[in-house]
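Remarks on the overall topology
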Amino acid sequence: MPNKEVLLQVKNLKKYFKVGRKEILKAVDDVSFDIYRGETLGLVGESGCGKTTCGKTVLGLYDATGGEVLFDGTNIHQLNTREKKEFTKRAQIIFQDPYSSLNQRMTVGDIIGEGIDIHRLYRGQERQDKIYELLDTVGLNPGHIFRFPHEFSGGQRQRIGIARALAVEPDFIVCDEPISALDVSVQAQIVNLLTELQETKGLAYLFIAHDLSMIKYISDRVGVMYLGTLVEFTRSDQLYKKPLHPYTKALLSAIPIPDPIVERRKETIPIEGEIASPINPEPGCRFASRCELAQEICRNKPPLREVADQHLVACHMVR
Amino acid sequence: MSAQRIIDIKNLTVSFNTYTGTLQAVRGIDLHLKQGEVLAIVGESGCGKTVTAKAVMRLLPTPQAVIGNDSEITFAGKNLLSFTESEMAKIRGKEISMIFQDPMTSLNPTMKIGEQIAESLIIHQNQSRQQANSQALAMLELVKIPNARRRLKQYPFEFSGGMRQRVMIAIALACNPKVLIADEPTTALDVTIQVQIMNLIKDLQQKLNQGIILITHDLGVVASVADRVVVMYAGKIVEEGTVDEIFYQPKHPYTFALLKSIPKLNTNNQEKLYSLAGTPPELINPPLGCPFAARCEFGMKVCRVKYPVIVNFTDSHQGYCWLYHEKADRTGLPVQFLQGVESSAQ
Amino acid sequence: MSNLKGKLERLENSEVLSDDLFTRVGTAGLSSEQKNQPSITYWADVWRRFRKNKMALLGLIILTLVVLTIILGPIISGKDYQYMDSSVKKLGPNSQYWFGTDDMGRDLFTRVCVGGRISILIGFCCTFVMFIIGSSLGTIAGLKGGWVDNLIMRVCEFIGNLPYLIIVVILAVVMGRSVFSLVFAMSLTSWVGTTRMVRGQVLQIRQQDFIQAATALGADPKRIILRHLLPNTLGIIMVTITMSVPGFIFGEAFLSYIGLGIRPPQTSWGALASAGQQRLMFYPHELFFPCLMLVITILAFHLIGDGLSDALDPKLRK
């Protein structure tokens, strides 16, 4: 079990984008959570729910519109240039697209060594040795050091991306859908690699995905996002055993299970319609327009409150 | 059970000429589709599943794609590969329809939705514009698009992804085709929308009794809709059977590994995921023997030099694997492999 | 489906498979991870594809021949381009004067070579200036965004809308007619397109994850420009460069032809053509040879540019 020392605290984080004269896209709207050292926090939701924006804002790749992100107690959105550079050594990111996330014109060695060069961690032979070590850690061959990204398959490219993030020896990595572009048999390789690295290096992950079964497998705790807000937040086994929010329930029942008999017996909870636009959203519960249980009270924004031990839900209808 | 075969593919080979050499995308496969069944073709990207579907529709790019001379795709007693382009145009959309992965690019952005549905009715069924329009309205209602009358006059950009996929299905089914080919129809959609679309396809199939070829990499989707499953790997079929046979009694190590490597909702967090090392072989110089040999933990010497012969496990269940040869070393094989095989092999 | 019997199809041919073949080897010693292709750099790959393109290669050969001719031509012919020999005025092409002579008895072959030097020099100079200004302004506009981007784009629009000829005429009057003023005048308006293109490229590449990955690793803007943006825009910039050179050569020829270009005794292909045009009816060779050189040079650049853009197209990469 990971020891419960808070590494990262996100408080009322907001990220809005101006898309028109008066139109504001509320990608992340008042989201709070914290991440312990060495744990994996999963963030699930459908496309456009703001999970990726949330991950990138947490790293300071986007400026926050409101709220704060405390990493080891310091607000990362108020750092000067030098401090920001120091922060990048401790928090890293792995991307979804194994193709656009690697510079085609650089060799694998230079891609992995980039962090080492920027922070002047090692030079000359030491740098070379470190890169060999990283290649070995992520399961690539040392002979790959002078090759170019286009010579590798999707899974191998994702390994290169992981090695690049590991080069600066971070404490925390945002994994932005790292496996959703990969084939099934390769997904398991990458997930196993990530969990192994977590065990050996004590890394904390913010694992963003839309695949609930994978999130369930890899995460200690899970947050479910819908249209920029966190609707449910709890331990992963709890979430799957006893989902409370109507959206979580629908989402869970929608995953097709690779078991024909289970599928034949399964009752899916249908949710009608599609996800609304995050541009100028209506006040109140964002899910209300698709929710069977919606009442008058849902016009007010439901707070995220603890209804059971470590089980937080934002829904008026949950007792 | 003994419904007639509406599509029968015999020894289909497709290769592509590329800069670096000839890529053998599909390397001699036999498969068939029966009336009213859902056949799922599963496999990883590049295994040849989409190429197979496009070969049936004759939508492969020429002259890059070359179909083998002795390949046959029989539909309603005729070999589609011998059809001229204009004969084929009469089949597409009328007898065999296809829906694609990306609902964003498969609709014409400058035409109203209603016109796009009516178009194929006017072409294939010689309907008047009025008839076609009312049929188009009926189709939109069939695929459960709310406010269908108003939606007919809208353009594709006014529809969301899930709605566009519904429109695509309406277009595909407008002429009541005998076969629907769905190429990853829900991959670009979110899970909650995916359920809606898959349920829709299933409902319509029961109503209209078509044969469906569903191409997907999502085993969950396969479990929920398919009757029969074909597993492809590196341009070859490795195993074929009913959905229960494939999920509960997989006989090929690749099928077995594929099923085991996806976490279920009840998988324990502490367990390691079963994972296959390596990646599928390159199809420019495919391996001589079984293409999966290099990643197979039960692989034998023979697997690397000779392509396995077909093994009939039941009338509906076939596989290509040397493990079922009488001389094969069967120690430590998963129980599923040996069920029903052991008794007769002695 | 009641009889779950695994039936083994016997091998039809009588070939016997030895027991040894059935020893289990697992995944040992075989790996499909390795891609079979040897490692090659991006530019080596581009060159490989370029070489396969017959027309592009032809363009390169023509250009090399043209350049060699204009450099070595006067040495081979052993004549001076300004030397007037009144005894050999207006001769047609012959064994001594390969391209003939002009109305003042100067050797046309030597003059075409020397004029070609000026033409090509101007082409390269203008392109160089255009490249420097265009790519730096484009990068700044694309990267900074906001008011900087706005300002640069408005300046681009302003300059792009000025009538080109009037500027050149004014500059020719103010600065006098020289190679320098020609280069200056033509470069002044040419960088607009390059700026727009580079800006577009930068905006596109900036969106890609590897730029964000570099930012997340703490890379400063200088590093991002030099290591990530430039190498990825270089391909398309190279195509623009090869395609621009002939434009400038032609522009110079045009200006010289209408009398705004090179001042005698210096000469260029445009100036030679202008002179030849006056005697077209009687001595067509005086117009023909400078034009021929002009045309094949421009053709060569276009062939190379086409070949390059095909070779650089990542969609064809496989």
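Keep in mind that this is a model prediction, so the values were computed, not measured.

Our next topic: the overall build of chain A. Secondary structure assignment for chain A yields 10 helices and 12 strands. For 319 residues, the compact-globule estimate of 2.2 N^0.38 gives 20 Å, and the C-alpha radius of gyration of chain A, at 21 Å, lies within 12% of that figure. For chain A, buried positions account for 50% of its 319 residues. Residue pairs in contact within chain A that sit at least 24 positions apart in sequence constitute 65% of those at least 6 positions apart.

This part is about the overall build of chain B. Along its length, chain B carries 13 helices and 13 strands. For 346 residues, the compact-globule formula gives about 20 Å, and the C-alpha radius of gyration of chain B, at 22 Å, lands near that figure. Along the first, second and third principal axes, the C-alpha set of chain B runs to 70 × 50 × 45 Å. Every one of the 346 residues in chain B was classed for burial, and the buried ones make up 51%. Residue pairs at least 24 apart in sequence account for 63% of intrachain contacts in chain B once pairs closer than 6 positions are excluded.

Once that is clear, we can look at the sheet that holds strand β8 (residues 204-209) of chain A. Residue and element names in this part refer to chain A. Spatially, eight strands are ordered β6-β7-β8-β3-β9-β10-β12-β11 in an open sheet, and the strand pairing comes out mixed. At either margin of the open sheet sits one strand with a lone partner, and together these are β6 (91-94) and β11 (305-308). On average, each strand axis in the sheet is inclined to that of its neighbour by 20°, with strand direction left out of account. Pairing between strand β9 (residues 221-226) and strand β10 (residues 229-235): six bridges, direction antiparallel. Bridge pairing links M225 to L230 in β10.

Residue and element names in this part refer to chain A. The sheet built from four strands is open, its strands ordered β2-β1-β4-β5 with antiparallel pairing. Pairing within the sheet leaves two strands with one partner each, and these edge strands are β2 (24-36) and β5 (74-75). Across five bridges, the pairing between strand β1 (residues 6-18) and strand β4 (residues 66-71) is antiparallel. When the sheet's bridge partners are listed, L8 is paired in β4 with F71.

A word on the interface of chain B and chain A. Of the residues lining the interface, 36 residues belong to chain B; the matching set on chain A comes to 31 residues. At the level of elements, α7 (191-208), α8 (219-225), α9 (243-248) and α10 (253-260) of chain B are the ones that each hand at least two residues to the side of chain B that touches chain A. Class assignment for the residues of the side of chain B that touches chain A results in 17 nonpolar, 13 polar and six charged.

Turning our attention to the pairing of strand β5 (residues 72-75) of chain B. All names here are of chain B. Side chains of β5 alternate between two faces, with I73 and F75 buried and E72 and T74 left unburied. Pairing analysis gives four bridges linking strand β1 (residues 5-18) to β5, with the strands arranged antiparallel. Paired with D8 across the two strands is T74, which belongs to β5. Counting the residues in the hairpin turn of β5 and strand β6 (residues 78-79) gives two residues, including A76, whose phi is positive at 50°.

Now for the packing of helix α9 (residues 269-277) of chain C against helix α10 (residues 285-312) of chain C. Residue and element names in this part refer to chain C. Running from N to C, α9 and α10 cross one another at 155°; their axes reach a closest spacing of 7 Å. In terms of their interaxial angle, α9 and α10 are classed as roughly antiparallel. Both α9 and α10 take part in a crossing whose hand is left-handed. Together, W269, L272, A273, A275, G276 and Q277 of α9 and E286, L287, P290, C291, M293 and L294 of α10 make up the contact between the two elements. Here the residues of the contact of α9 with α10 are counted per class, giving nine nonpolar, two polar and one charged.

When the terminal C-alpha atoms of helix α6 (residues 179-206) of chain C are compared, their 39 Å separation across 28 residues agrees well with the 40 Å that a helix rising 1.5 Å per residue should span. At L188 of chain C, α6 of chain C shows its maximal bend, which comes to roughly 35°.

Moving on, we come to the nonpolar core. Core analysis: the largest hydrophobic core is formed by 205 residues, its most contacted members being L206 of chain A together with L39, A170, I213, L214 and V231 of chain B. Among the elements that make up this core, the one with the highest residue count is helix α6 (residues 161-173) of chain B (eight residues). Here this core gathers at least three residues from each of two domains, domain 1 (5-226) and domain 2 (233-345) of chain B. Here L214 of chain B is in contact with V38, L39, A40, A182, V225 and A226 of chain B, once residues within four sequence places are set aside. Counting 49 residues, the second-largest nonpolar core is a separate cluster that includes L108, C113, I122 and L294 of chain C.

On to the environment of V238 of chain B, then. All names here are of chain B. The topology assignment puts V238 in strand β11 (residues 236-242). For the pair V238 and Y254, spaced 16 residues apart in sequence, the C-alpha separation works out to 7.8 Å. What V238 contacts, discounting residues up to four positions off in sequence, is V231, M232, Y233, H252, Y254, T255, F292, G319 and Y320.

Okay, the domain arrangement of chain B next. Residue and element names in this part refer to chain B. Per the domain assignment, the segments of chain B are domain 1 (5-226) and domain 2 (233-345). The distance between the C-alpha centroids of domain 1 and domain 2 comes to 30 Å. If you list the elements that add at least two residues to the side of domain 1 that touches domain 2, you get β2 (21-34) and α8. In terms of residues, the side of domain 1 that touches domain 2 owes the most to one element, β2, which gives nine residues. Split into classes, the residues belonging to the side of domain 1 that touches domain 2 amount to 10 nonpolar, seven polar and two charged.

A separate point is the pairing of strand β7 (residues 172-176) of chain A. Residues and elements named next belong to chain A. In terms of burial, β7 is a largely internal element, five of the five residues being buried. Across the two faces of β7 the burial is the same, with F172, V174 and D176 and I173 and C175 all buried. Relative to β7, β6 runs parallel, the two being bridged by four bridges. In the strand pairing of β7, I94 is matched with C175. Since β7 and β8 lie parallel, the crossover through helix α6 (residues 184-201) that links them has a hand, and here it is right-handed.

Residues and elements named next belong to chain B. The peptide bond linking T62 to P63 adopts the cis configuration, its omega dihedral lying at 5°. Relative to the helices and strands, P63 resides in the loop between α1 (49-57) and β4 (65-67). One non-glycine residue with positive phi stands out, namely N11, at about 50°. With respect to the element layout, N11 can be found in strand β1. C-beta crowding within 10 Å serves as the criterion here: with 13 such atoms nearby, N11 is assigned to the partly exposed category.

Positionally, I71 of chain C belongs in helix α2 (residues 54-77). For the pair I71 of chain C and R279 of chain C, spaced 208 residues apart in the sequence, the C-alpha separation amounts to 28 Å.

Residue-level pLDDT values for chain B average 86, and 96% of them are 70 or greater. Predicted as a complex, the structure gets a pTM of 0.81 and an ipTM equal to 0.86.

Rules of the game
- Sequence order sets the numbering: in each chain, residues are counted from 1 along the sequence as written.
- All chains are assigned letters beginning at A, and all ligands numbers beginning at 1, according to the order in which they are written.
- Totals for whole chains, interfaces and linings use every residue, but because this is a predicted model, local features are given only for residues with pLDDT of at least 70 and side-chain atom pairs only at 80 or more, for both listing and counting.
- Secondary structure is summarised from DSSP: a helix means a run of H or I of at least four residues, a strand means a run of E of at least two, and numbering begins at the N terminus for each.
- Here the globule rule is a power law, 2.2 Å times the number of residues to the power 0.38, and the radius of gyration is based on C-alpha atoms.
- Exposure criterion: with C-beta atoms placed from backbone coordinates, a residue whose C-beta has 20 or more other C-beta atoms within 10 Å is buried, one with 12 or fewer is exposed, and one in between is partly exposed.
- By definition, residue pairs are in contact when their C-beta atoms, positioned from the backbone, come within 7 Å.
- Whether two strands pair depends on DSSP finding at least two bridges between them.
- Note on geometry: axes are C-alpha line fits, over the in-contact stretch for helices, and angles between N-to-C directions span 0 to 180 degrees.
- For this classification, the nonpolar set comprises Ala, Val, Leu, Ile, Met, Phe, Trp, Tyr, Cys and Pro, the charged set comprises Asp, Glu, Lys and Arg, and every other residue, Gly included, is treated as polar.
- Should an angle lie under 35 degrees it is considered roughly parallel, over 145 roughly antiparallel, and from 65 to 115 roughly perpendicular; all remaining angles are considered oblique.
- It is the rotation of the near helix from the far one that decides the hand of a crossing: anticlockwise by less than a right angle makes it left-handed, clockwise makes it right-handed.
- Expected helix span is given by 1.5 Å per residue-to-residue step, counting one fewer step than there are residues.
- Note that bend, as reported per residue, equals the angle between axes fitted to the 7 residues terminating at that residue and the 7 residues originating from it.
- Nonpolar cores are built from buried Ala, Val, Leu, Ile, Met, Phe, Trp, Tyr and Cys residues. These are joined into a set through C-beta atoms within 7 Å.
- Source of the domain bounds: an automatic or database domain assignment.
- Handedness rule for crossovers: strands pointing away from the viewer, path from the first strand over the helix to the second running clockwise, crossover right-handed.
- On a range of 0 to 100, pLDDT expresses the predictor's confidence in each residue.

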